[in-house]
Amino acid sequence: MFMVRKITRWITWFMLCLFVFFSTSKIVKADLIVEPEDAFYRSHRNSCTYVSRFYIANGEKGYSTIYVNPESKLSVYKVTNETEFYVGFSYDKSGTTWLYCEVPIKANDGSVTYKKGWIPDADCYLKYDGIAFYNDHESELSNYQGEFKDYQVKNEILVWLYPGSGEVVRRFKELDASHISSVYTDEDGRDWGYLGYYFGKVNSWVCLSDPEKEDLPVKKIVKEDLIPPVEPEWSPMDGEYLPFLVAAVLVLVVIVGTFLLIHKIYKHK
Amino acid sequence: MFLEIIQLLLLSLILTILIEVLFAICYGVRDKKDYLLICLGNVLTNPPVVLIHTWLLVTFSFGGLLIKLPLELLVIGIEALLYRKYAKQVFHPVLFSIMANVFSYFIGWVINWFL
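Calculation rules
- Residues numbered from 1 in each chain as written.
- Chains lettered and ligands numbered in written order.
- Predicted model: local features only at pLDDT ≥ 70, side-chain atom pairs only at ≥ 80, totals over all residues.
- Heavy atoms only, no water.
- Domains from an automatic or database assignment.
- Contact = heavy atoms within 4.5 Å.
- Buried area = accessible area lost by both parts, 1.4 Å probe.
- Salt bridge = Lys/Arg side-chain N within 4 Å of Asp/Glu carboxyl O.
- Nonpolar A, V, L, I, M, F, W, Y, C, P; charged D, E, K, R; others polar.
- Helix = DSSP H or I, 4+ residues; strand = E, 2+ residues; numbered from the N terminus.
- Phe/Tyr/Trp six-rings, centres within 6.5 Å; stacked < 30°, edge-to-face > 60°.
- Buried < 20%, exposed > 50% of the residue type's maximum accessible area, 1.4 Å probe, protein only.

Visitor: Could you give an account of the domain arrangement of chain A, with specific residues and numbers?
Guide: How big an interface is tends to be expressed through the accessible area that disappears when the partners come together. Residues and elements named next belong to chain A. Domain parsing of chain A yields domain 1 (21-127 + 230-261) and domain 2 (130-207). Distance from the C-alpha centre of domain 1 to the C-alpha centre of domain 2: 33 Å. The interface is formed by 4 residues belonging to domain 1 together with 7 residues belonging to domain 2. Across the domain 1 to domain 2 interface the summed buried area is about 450 Å²; carbon plus sulfur atoms make up 47%. Ionic pairing is found between K127 and E167, a salt bridge with its closest N-O pair at 3.0 Å. Partitioned by chemical class, the residues of the side of domain 1 that touches domain 2 number 1 nonpolar, no polar and 3 charged.

Laid out in structure tokens, this is it:
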């Protein structure tokens, strides 16, 4: 009884110390990285690199195959070229880089599901985005000097994928201009500010000269030598359930046959 | 997908049989019928286990030890029962089954790691 009381007292003091420690600790705010619910990723987490960018399918046959994992030949889906998808992580294996991708599939009723798996990076290419534009024009950039700080928002500020992309990625009712790091001046004399991080990763551009205009000139950067899309051929055996169902029936037949064979060969023991 | 599944099942079965036969040689098994029993035992257990594991992996991205361990224990149990009932030179069927399957799993892991 005495020992129980002593242990209880120690546990209570320990819990009190924990409570004091955690209540006085600084709370660290970190950007949330969503890890995939993927068996291969979970077992190779330390070898995977965070990517978080968009890619576009560009397979040799006009479509790209998404696999269960970099070590398997089992395919999850075949995605037609020019399809855009999100890549969360990459993994290097024997000189090949594999990308963990989430491909959107639109149903007839408009709902969207996602096929997830791994694709070799040779079967796709990185979508030209704000980061790519920044890297390509780094020598032309100047530091942000506060050009935007006195701007009064009328409706909402548009954030573009890159200058001339024609693609709005975010809209803000207000913008803390101190998050703009660099400025780019385009051929038409418009200033663009690079927004790296603002309530999460943005990595896109604000037109400082005309931040709320929707119809800015579009000068898309298009990758050349793309392979034309071809609809992949689908057979019932490429579906989710039928291949496993047929395989299960075959395995069952083999099990029964083997069991009978064992019984016949060894019944005289 | 179906062809890939069948290829996977066949490859896994052949490799497992080769490894367990090798283990049986090292263990000292000499009876031919016992070797046949080892082969048939693996034909009985390996394909369904590999199929279940693959289906869970592809459909739910669910794999790892939480799945493999109970499946392997089931395999060990079934093979141990077969050896106990029919084998002539496998004198400790449960131990043999455990060791053969651990050996097979380990070699498979090494092969996979090098590939």
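Visitor: Break down the side chain of S90 of chain A for me, citing the residues and quoting the values.
Guide: Its location among the elements puts S90 of chain A in strand β4 (residues 84-93). Apart from the residues within four sequence positions on either side, S90 of chain A is in contact with S47, C48, T49, V51, T97, W98, L99 and W118 of chain A.

Visitor: How would you summarise the packing of aromatic side chains if you had to cite specific residues and measurements?
Guide: Residue and element names in this part refer to chain B. With the rule as written, the count across this model stands at 23 aromatic pairs over all chains. Between F23 and F103 the ring centres are 5.6 Å apart and the planes differ by 40 degrees, which places this aromatic pair in the tilted class. One end of the pair, F23, is in helix α1 (residues 2-27); the other, F103, is in helix α4 (residues 93-114), and 80 residues separate them in sequence. We classify F23 as buried; its relative accessible area is 10%.

Visitor: Requested: an account of the pattern of salt bridges, with residues and values cited.
Guide: Residues and elements named next belong to chain A. This model, assessed by the stated rule, comprises 11 salt bridges over all chains. Among the ionic pairs, R45 bridges to E35, the shortest N-O distance being 3.1 Å. With R45 in the loop between α2 (39-43) and β1 (48-57) and E35 in the loop between α1 (2-24) and α2, this residue pair connects regions lying 10 residues apart in the sequence. Given a relative accessible area of 38%, R45 falls into the partly exposed group. For E35, a relative accessible area of 36% gives the class partly exposed. Within this structure, E156, R171, K173 and E214 form a network of salt bridges that share partners.

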